[in-house]
Amino acid sequence: MAATREAMLEHWNQPSFWQRLTLRDGLWALLVLAGSGTVWSLYQPYMDGYEIAIQFGATLALIGWGRYWPPAQGFTLAVAVLSVLALWCYGADYELRKSAFLLKYVLESQAAFMWMSALYVLATVTYFAALFSRSAFIGKTATALTWSATVMGMTGLLVRWRESYLLGADIGHIPVSNLYEVFILFALITALLYLFYEDRYRSRSMGGFALLAISGAVAFLLWYAFGRQAHHIQPLIPALQSYWMKIHVPANFIGYGAFALAAMLGVAYLLRARVEARNPNGLLARVLPPTELLDDVMYKAIALGFAAFTLATILGALWAAEAWGGYWSWDPKETWALIVWLNYAAWLHLRLSKGRRGAPMAWWAVIGLFVTLFAFLGVNMFLSGLHSYGSL
Amino acid sequence: MGRLSGRPFLRPALTVYHPEPVNGAPLIVSKGRPHLTPANSFVNETTLGKPLRQHTLGWVLLEFFGSMNLAITLLVVVAVASIIGTVLQQNQPYPDYILKFGPFWFTVFNQIGLYDVYSTGWFIAILAFLILSTSVCLYRQAPGIWREMTRFRTSVQIDSLRGFPQQAEWRLPDRDSEVVQADITRAFRGFGYRWRVQDHGDHQIVAATKGRYNRLGYLFTHAAIIVIGIGGLLDGNLWIKLKEWRGELAIETRDLSARETPPISRLAPGTIPAFRGNVRLPEGATANFVFLRLRDGFLVQELPFAIELKTFQVAYYDTGQPKSYTSEVLIHDQEHLGDQPLAATIRVNHPLVYRGYAIYQSDFGDGGSKLEMKAWPLATARLEPVEAKGEVGGVIKVGGPTAGALSLELDDFRLFNLLPEPEAQPGDRKFRNFGPSISFKLRNAAGEAREYLNYMAPVQMGGRWFYLSGVRARPDEAFSYLHIPVDAHNSPERFLRFNARLHDASGLEKLLTPPVDGEHPDFQRDLQRVRLNLVELFTQGGFMAITGKAKAVVPAERLQEATTLYLNILRETLAEVFVAVLREEGVNVEQELGERENAFFNDALSALAALPAYGSPFYLQLTGFQQVQASGLQVTYSGGATVVYTGFTLLIIGVFLMFYTSFRRLWAWLAVEDGAVRLILAGTSNRRPVEFAREFAALQAALAQRLGLPVISPASSSPAAPAATLKEAH
């Protein structure tokens, strides 16, 4: 801390926001600014005003995120180093992905996603192993695996962004444009949210459950890539060529990720409540995370998801006003977003104003995941509408 | 309602919506502490003092609409009702629904408005209830929240303060109460609190608050729902419904042009505050109106300006997928622009906003492309095609002895047809451009029509090339394709000549005439007759006709054998005709036929067999075109948009205020007892209990150090972060 404790007491003052900034915060901000400045100087001629504004916002967000949650700094650095390394390996030749060793086996986006997938599944198993063995070392290993998987996934997404440009200058776009890409985003965001709560609550006991949702996403991804060949980079259809995509989609997936996390914690809650009722001294009742913790994190996740989802839906409405001729068209995807929103609004009303907790709320959070899942996947699979680009 | 009666109106407005339990951390609850609701325990302000009111109707209604249970029920009901419109595709042409449900269910579903759920009375009513319920909640909560934000609670009972999870108590001998109070107010300010002191005679209370904007979160979010609801209502179909109901407006269900539409179905500019209409403009055309599609008809909305489409262009990626749709338009507006029209480019995601009207690139189609075609007869011996010219959207009368009275309706022309690769492995997402195509209908005198889709260029399949022509009898069927094999000159001509020869009875007879000096002349003559019959049967009904015939004339036990024999004879005969066709072409047929000719013959046989089901007396080959495109523009006017966007802003600010700030209160209770100052410090926060516990601990430590005194009752004010408690969980 910049201000000494004595000075603080003498003046009865809590240090102000600026006084609380440390040298590390300053260095972090400078580093992000330097990185962002380099990117800006390289790509500024290709960006329009909106995109520059988005980059500016993203830079501030990254500085704030790193300060608010220091582990984000290491994560960002690792992703940046690996991504730059991949870009350097590529140069301007997309075909190098088949020959250059580092690209072919590690950094090429598809290779990175495979690493991500393997590491997430491994992390899931390790978290459960840690839960039952109650070994701190295994727990730390699980956390490290999750972080590694997330670094690989994020690197893969950034590299894929670059690859799309290598494929053709007019094809290049941010990789959040189809179901395959957003599923990766979903896994990453869910993992980051979980890691955040793990860090804040100093508890790894929820890990297995959170990672189970991610492993589910990974299973879908693998089927989608190998069974349906969905991993190829496709050019953007005209409806998606908009700066809105860069903010609408990620905001939405913070919501989806948080809701998924809440649902998995709901599952853990129900399990714990059940085993406790049967045998309070059994192994399961001892190792499963306590219901109070689950209840609290579940609420936090739903609140965060709700805030992000509100923002995302509004951003979507503003985009729709620019692309489809109106901010609201009762398109199936829009309508389902509203249904998800109403569902969690009802949940939050019960929780906040009626103070409801316990198993019914956990059940609701679990059911909420199915509603969310339908909005996210089912609409694209079973219903037709304007949002057809996400189709299977 | 029964639930409501008998309950005294004692709940102060403040406690109806007190958020997260104020004592916060559920961990503390788990330790066996009772679930406190301190908000109740210290409020002794105005609301409690109100006399019990009679259960008047107004009160009952207010209580009903303001109830949280109703609000939650409505949230769920809106969600469930919304599902209907996503399961059933909305606003489709009515015939599609009739086809889908049959006439009975079609009428039933139409009555309850399932084809446009979101503008039916019942759906609007549910939404209105939700808005009403929100309004009542807001009306009842707002004054209390306002008081909470602006007033300090300087009257609290000492027992209430001791009941808080965050509290500490000191006894300070030989201190001046005023000095202690000054220290406390300074500490409160230092921690960012606003405070007020009240002297109650025997004791003083310093009440402080921080983060009161958190309470705006409630007001903003709930006001936002009302604002968005009102804005949405302004932009909805309500105005049109109102005008219809008053008889000022009637939707037009006939197939009329905009000009022919009568005044009762027209809306002058500015008549309604919001609309979304469409118009399709061919290149070079101008329109000053749009169509509003409504149920099974439309209205014409006039615009205060005219849009002229100069050009429409589709750009493609190298892969063939569309990259951009672009309309170059001119806006003509004598009043505002004079003689100088406004030139603008409209693309997807880049609408033109002119005088509050937004013009969008919505779709595209054909604007009357000029087509050159050859109609090759399929059912006569004649080979020469009839050349025809036409325009998309036009109708050509087809006469002639074999054709009967048919009309050829040219429906569409497409320059590109990017379709899933037909030979792809399952799961492989490859696309292929099939090139230009025309679609048309052939309608007979009875009005029955078959729809055709013909590709201009041959398509490679299985290593061979074919002209594709799709046919279907009903619009909801998939096309079945006729595969016409391509000859050495890349033309369908060889196949068509082959087919024509099969219809040339005299030619066939001559070709199949047995040699004059052959053996068994009678048998040969019989065979010739059989062969001619088989060819005729085949051209009329394909292979099915042959097997059908065999079934009719041959006893069952020999059917198999006879059918095989017939088919062999037919195949041999057709091969003979084919060789004759090749000979005509100048192909050397003295040696064995090459692999290509063999493959062609087999493909031709399949195509010939399919011809009777093809149902057209000719094959229409597209030979040339001059594309004229049309751009589908959507024009919208949204009077409620600014209202809705205001609501959006309120909602976002409100949600974040509500979840990510917290309203905190601190109290210091001071009294002089037995020459010492008794100080009780207590606090509560409506959100983020962990952070508040930390802050309270810091304040407590700072004060203790400043006052140089130990804490008397540290029991419940332990600032232990839950993180520490949770460690035991793992």
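Calculation notes
- Residues numbered from 1 in each chain as written.
- Chains lettered and ligands numbered in written order.
- Predicted model: local features only at pLDDT ≥ 70, side-chain atom pairs only at ≥ 80, totals over all residues.
- Heavy atoms only, no water.
- Helix = DSSP H or I, 4+ residues; strand = E, 2+ residues; numbered from the N terminus.
- Contact = heavy atoms within 4.5 Å.
- Areas by Shrake-Rupley, 256 points an atom, 1.4 Å probe, with all protein chains shown as cover.
- Expected span 1.5 Å × (residues − 1).
- Buried < 20%, exposed > 50% of the residue type's maximum accessible area, 1.4 Å probe, protein only.
- Pairing = 2+ DSSP bridges.
- Domains from an automatic or database assignment.
- Buried area = accessible area lost by both parts, 1.4 Å probe.
- Salt bridge = Lys/Arg side-chain N within 4 Å of Asp/Glu carboxyl O.
- pLDDT = per-residue confidence, 0-100.
- Axes fitted to C-alpha atoms, helices over the stretch in contact; angles between N-to-C directions.
- Patch = residues over 30% accessible without salt bridge, like charges linked within 9 Å, V, L, I, M, F, W, Y side chains within 5 Å.
- Lys, Arg positive; Asp, Glu negative; His and termini not counted.
- Charge placed at Lys NZ, Arg CZ, Asp CG, Glu CD.
- Nonpolar A, V, L, I, M, F, W, Y, C, P; charged D, E, K, R; others polar.
- Parallel < 35°, antiparallel > 145°, perpendicular 65-115°, else oblique.
- Left-handed = near helix turned anticlockwise from the far one by under 90°.
- Phe/Tyr/Trp six-rings, centres within 6.5 Å; stacked < 30°, edge-to-face > 60°.
- Lys NZ or Arg CZ within 6 Å of the ring centre and 35° of its normal.
- Core = buried A, V, L, I, M, F, W, Y, C linked by side-chain atoms within 4.5 Å.

### Observations concerning the overall build of chain B
Within chain B, the regular secondary structure consists of 21 helices and 26 strands. Contacts in chain B between residues at least 24 apart in sequence constitute 64% of all its contacts with a sequence separation of at least 6. Element-wise, carbon and sulfur atoms account for 56% of the exposed surface of chain B, whose accessible area totals about 35700 Å².

### Digging into helix H12 (residues 291-323) of chain A
Residues that lie three or four places apart on an α-helix share one face, since the helix turns once every 3.6 residues. Residues and elements named next belong to chain A. The end-to-end C-alpha distance of H12 is 45 Å, a good match for the 48 Å that 33 residues give at a rise of 1.5 Å each. With 27 of 33 residues buried, H12 is to be regarded as a mostly interior element. Positive phi shows up at Gly325, right after H12, with a value of about 90°.

### What to know about the pairing of strand E21 (residues 464-472) of chain B
Residue and element names in this part refer to chain B. E21 sits mainly inside the fold: seven of its nine residues count as buried. Of the strand pairs in this sheet, strand E19 (residues 449-455) and E21 are connected by four bridges, and their pairing is antiparallel. When the sheet's bridge partners are listed, Glu451 is paired in E21 with Arg472. Bridge count between strand E20 (residues 459-461) and E21: three bridges; the pairing is antiparallel. Bridging across to E21, Gln460 finds its partner in Trp465. Following E20, the chain reverses through two residues before pairing antiparallel with E21; Gly462 in that reversal takes a positive phi of roughly 60°. Of the strand pairs in this sheet, E21 and strand E22 (residues 480-485) are connected by six bridges, and their pairing is antiparallel. Looking across to E22, one finds that Gly470 is bridged to Tyr481.

### Observations concerning the domain arrangement of chain B
Residue and element names in this part refer to chain B. On domain assignment, one finds that chain B holds domain 1 (245-366 + 630-647), domain 2 (370-489 + 623-628) and domain 3 (500-618). Between domain 2 and domain 3, the C-alpha centre-to-centre distance is 27 Å. Taken residue by residue, the interface counts 26 residues in domain 2 and 17 residues in domain 3. Regarding the contact of domain 2 and domain 3, the summed buried area is about 1900 Å², with carbon and sulfur atoms giving 69% of it. Three residues, Leu378, Leu482 and Pro485, lead the burial of domain 2 against domain 3; their summed loss comes to 30% of the area buried on that side. Run the count over domain 2 and domain 3 and you get one salt bridge. For Asp603, the salt bridge identified is with Arg464, shortest N-O distance 2.6 Å.

### Some thoughts on the confidence of the model for chain B
Residues and elements named next belong to chain B. On average, chain B scores 83 in pLDDT, and the residues at 70 or more come to 88%. Averaged pLDDT values over the elements of chain B bottom out at 29 in helix H2 (residues 26-30) and peak at 96 in strand E9 (residues 342-347). The low-confidence segment residues 1-51 (pLDDT under 50) makes 98 contacts with residues lying over four places distant or belonging to another chain.

### Some points on the pattern of salt bridges
All names here are of chain B. Applying the stated criterion across every chain yields a total of 42 salt bridges over all chains. For the salt bridge of Glu302 with Arg266, the shortest nitrogen-to-oxygen distance reads 2.8 Å. In this pair, Glu302 is assigned in strand E7 (residues 297-316) and Arg266 in strand E4 (residues 266-267), connecting sequence segments 36 residues apart. Two residues, Arg531 and Glu576, come together in a salt bridge whose shortest N-O distance is 2.5 Å.

### Structural notes on the sheet that holds strand E2 (residues 194-199) of chain B
Residue and element names in this part refer to chain B. Taking strand neighbours across the sheet as the criterion, the five strands line up as E1-E26-E25-E3-E2 in an open arrangement whose pairing is antiparallel. Edge positions in the sheet fall to strand E1 (166-173) and E2, since each has one partner strand and no second. Here the average twist between neighbouring strands, direction ignored, is 15°. In the packing of helix H10 (residues 177-190) onto the sheet, contacts are made with E1, E2, strand E3 (203-210), strand E25 (664-673) and strand E26 (676-685), and the angle to E25 comes to roughly 170°. Its contacts with the sheet put helix H20 (residues 689-707) on E1, E3, E25 and E26, and the angle it makes with E1 is roughly 5°.

### Points about a negative patch on the surface
On the surface, Asp176, Glu178, Asp199 and Asp202 of chain B cluster together into a patch of negative charge. Summarising the element assignment, Glu178 of chain B is placed in helix H10.

### A few points about a nonpolar patch on the surface
The grouping of Leu23, Leu27, Leu30 and Leu33 of chain A at the surface amounts to a nonpolar patch, some 450 Å² of accessible area in total. Within the element layout of this structure, Leu27 of chain A appears in helix H2 (residues 23-43).

### Observations concerning the interface of chain B and chain A
Facing 76 residues of chain B, the contacting portion of chain A comprises 77 residues. One salt bridge connects Lys323 of chain B with Asp170 of chain A, and the closest N-O pair in it is separated by 2.9 Å. For the side of chain B that touches chain A, the element with the most residues is helix H6 (residues 68-87) of chain B, which contributes eleven residues. Looking at the side of chain B that touches chain A residue by residue, the classes come out as 43 nonpolar, 22 polar and eleven charged.

### Details of the packing of helix H8 (residues 179-201) of chain A against helix H14 (residues 359-382) of chain A
Residue and element names in this part refer to chain A. Between H8 and H14, whose axes approach to 13 Å, the crossing angle comes to 165°. It follows that H8 is roughly antiparallel to H14 by the angle criterion. As for how H8 packs across H14, the hand of that crossing is left-handed. Residues Leu179, Val182, Phe183 and Phe186 of H8 touch H14, and the partners they reach there are Phe376, Leu377 and Asn380. Classifying every residue of the contact of H8 with H14 gives six nonpolar, one polar and no charged.

### A closer look at the environment of Leu303 of chain B
Residue and element names in this part refer to chain B. Tracing the chain through its elements places Leu303 in strand E7. Taking the relative accessible area as the measure of exposure, Leu303 reaches 6% and is therefore buried. Residues contacting Leu303, with those up to four places away along its chain left out, are Pro269, Phe275, Asn288, Phe289, Val290, Tyr357 and Val635.

### Digging into the packing of helix H17 (residues 559-585) of chain B against helix H18 (residues 595-614) of chain B
Residue and element names in this part refer to chain B. Following both chains from N to C, one finds H17 and H18 inclined at 120°, their axes separated by 11 Å at the closest point. Taken as axis vectors, H17 and H18 run oblique relative to one another. The hand of the H17/H18 crossing is right-handed. Residues Arg571, Leu574, Ala575, Phe578 and Leu582 of H17 form the contact with H18, whose own contacting residues are Glu597, Phe600, Phe601, Asn602 and Leu605. Classifying every residue of the contact of H17 with H18 gives seven nonpolar, one polar and two charged.

### Quick word on H20 of chain B
Its 19 residues give H20 of chain B an end-to-end C-alpha distance of 26 Å, which sits within 8% of 27 Å, the value for a rise of 1.5 Å per residue. Within two residues after H20 of chain B, Gly708 of chain B carries a phi angle of roughly 65°, on the positive side.

### Remarks on the packing of aromatic side chains
How two aromatic rings sit relative to each other is set out by the distance from centre to centre and by the angle between their planes. By the definition in use, this model includes 75 aromatic pairs over all chains. Directly above the ring of Tyr68 of chain A sits Arg200 of chain A, whose terminal nitrogen or CZ lies 4.9 Å from the centroid. Of note, Arg494 of chain B hangs over the ring of Phe600 of chain B, and the distance from its end group to the ring centre comes to 4.9 Å.

### Thoughts on the nonpolar core
Formed by 164 residues in total, the largest nonpolar core has its most connected members in Tyr120, Phe253 and Trp347 of chain A together with Phe659 of chain B. Not counting residues within four places of it along the chain, the set of residues in contact with Tyr120 of chain A comprises Thr146, Ala149, Thr150, Ala187, Leu188, Ala191, Leu211, Ile214, Ser215 and Val218 of chain A.

### Some points on the sheet that holds strand E23 (residues 618-626) of chain B
Residues and elements named next belong to chain B. Across the sheet, three strands lie side by side as E13-E12-E23; this open sheet has antiparallel pairing. Single-partner strands in this sheet number two, and they are strand E13 (386-391) and E23. Taken pair by pair, the neighbouring strands of this sheet meet at an average axis angle of 25°, ignoring direction. Both strand E12 (residues 370-377) and E23 contribute to a ladder of eight bridges, which runs antiparallel. Within E23, the position partnered with Lys374 by the bridge is Gln621.

### Examining the environment of Leu236 of chain A
Assignment of secondary structure puts Leu236 of chain A in the loop between helix H9 (207-228) and helix H10 (244-278). For the pair formed by Leu236 of chain A and Ser164 of chain A, sequence separation is 72 residues and the distance between their alpha carbons is 10 Å. Once residues within four sequence positions are removed from consideration, Leu236 of chain A is found in contact with His173, Ser177, Gln241 and Met245 of chain A together with Tyr317 and Pro322 of chain B.

### Re the side chain of Glu308 of chain B
Residue and element names in this part refer to chain B. Positionally, Glu308 belongs in strand E7. Of the side chains with opposite charge, Lys310 comes closest to the buried, unpaired Glu308, at an N-O distance of 7.7 Å. Sequence-distant contacts of Glu308, defined by excluding residues within four places in its chain, comprise Gly284, Ala285, Thr286, Glu328, Val329, Leu330 and His332.

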